[in-house]
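A look at the structure
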Amino acid sequence: MYPEYKDGIIKDCKENYSPLMVLIENFLHISTWVLAGWLVWPVQLQGWPVLTIAWAGVVLVVQILLKKHNCSGCYYYGKACHLGWGKLARWIFMQDSGNLKTGMRLSLFYIVSPPLFLAAGILSGILMDLGMRHWVLVGVYVALNLLAFTVRFKGCKVCAMRKVCPGSAVKSG
Ligand code: SF4
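These numbers were taken from a predicted model, which means no experiment stands behind them. (Residues numbered from 1 in each chain as written. Predicted model: local features only at pLDDT ≥ 70, side-chain atom pairs only at ≥ 80, totals over all residues.)

Details of the overall build of the protein chain
- Each helix and strand counted, the protein chain has seven helices and zero strands in total.
- Listing each helix as α and each strand as β along the protein chain from the N terminus yields α-α-α-α-α-α-α.
- Each principal axis of the C-alpha distribution contributes one length, and for the protein chain these read about 55 × 30 × 25 Å. (Helix = DSSP H or I, 4+ residues; strand = E, 2+ residues; numbered from the N terminus.)

Topic: unusual backbone geometry
- Its identity as a non-glycine residue notwithstanding, aspartate 96 has a phi of 55°, on the positive side.
- Note on placement: aspartate 96 falls in the loop between helix 4 (85-92) and helix 5 (100-106).
- The phi torsion at aspartate 129 lies on the positive side, around 50°, for a residue other than glycine.
- Following the sequence through the fold, aspartate 129 ends up in the loop between helix 6 (108-127) and helix 7 (132-157).

Quick notes on the environment of valine 62
- By the secondary structure assignment, valine 62 is in helix 3 (residues 50-69).
- Separated by 41 residues in the primary sequence, valine 62 and glycine 103 have C-alpha atoms spaced 9.7 Å apart.
- Those residues in contact with valine 62 that lie beyond four places of it in its chain are Leu106 and Phe109. (Contact = placed C-beta atoms within 7 Å.)

Overview of helix 4
- Taken residue by residue, helix 4 has Trp85, Gly86 and Ala89 as its buried positions. The arc that holds the buried residues of helix 4, viewed along the axis, is 105°, so those residues lie on one side.
- Packing partners of the buried residues in helix 4 comprise helix 3. (Buried ≥ 20, exposed ≤ 12 C-beta atoms within 10 Å, placed from the backbone. Arc of directions from axis to C-beta.)

Rendered as structure tokens:
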């Protein structure tokens, strides 16, 4: 575990989350990423959905880097945190092999991307006159993000890392 985290670990916590919780939270995360790509699919260059392709690359690279820079130094490295990513991190990276500051910067992914894709979805819907199906998808995107935040909040409430994790939705003991 990163030394910076050691004093902030909360003892009154869940050691391993249930597989159902891990499944639900991963499903919600992945659904929002897929839907974000779908919302910008109509923006094409010579028939190529360039924004969707770029987004898929960003998701892949940032998620792998987050496992290195956040999860490898986390209390849950090797354990099932509320996302199960502590276990995933142990399969691919050595413990403490990342850089905390880089991890914190990468965590902006979770804060920046939802409003960005919502704005892109609204703009493309208006400018390209994409019709009702597009607006329904924008609504589903908002609902899934709200649901993902609610579920994450539940997980963070009993997480050992809730005070120190850059992506924690609950910063109190
Ligand atoms: S609690 Fe956060 S930082 Fe720790 S392993 Fe899980 S996702 Fe990664």
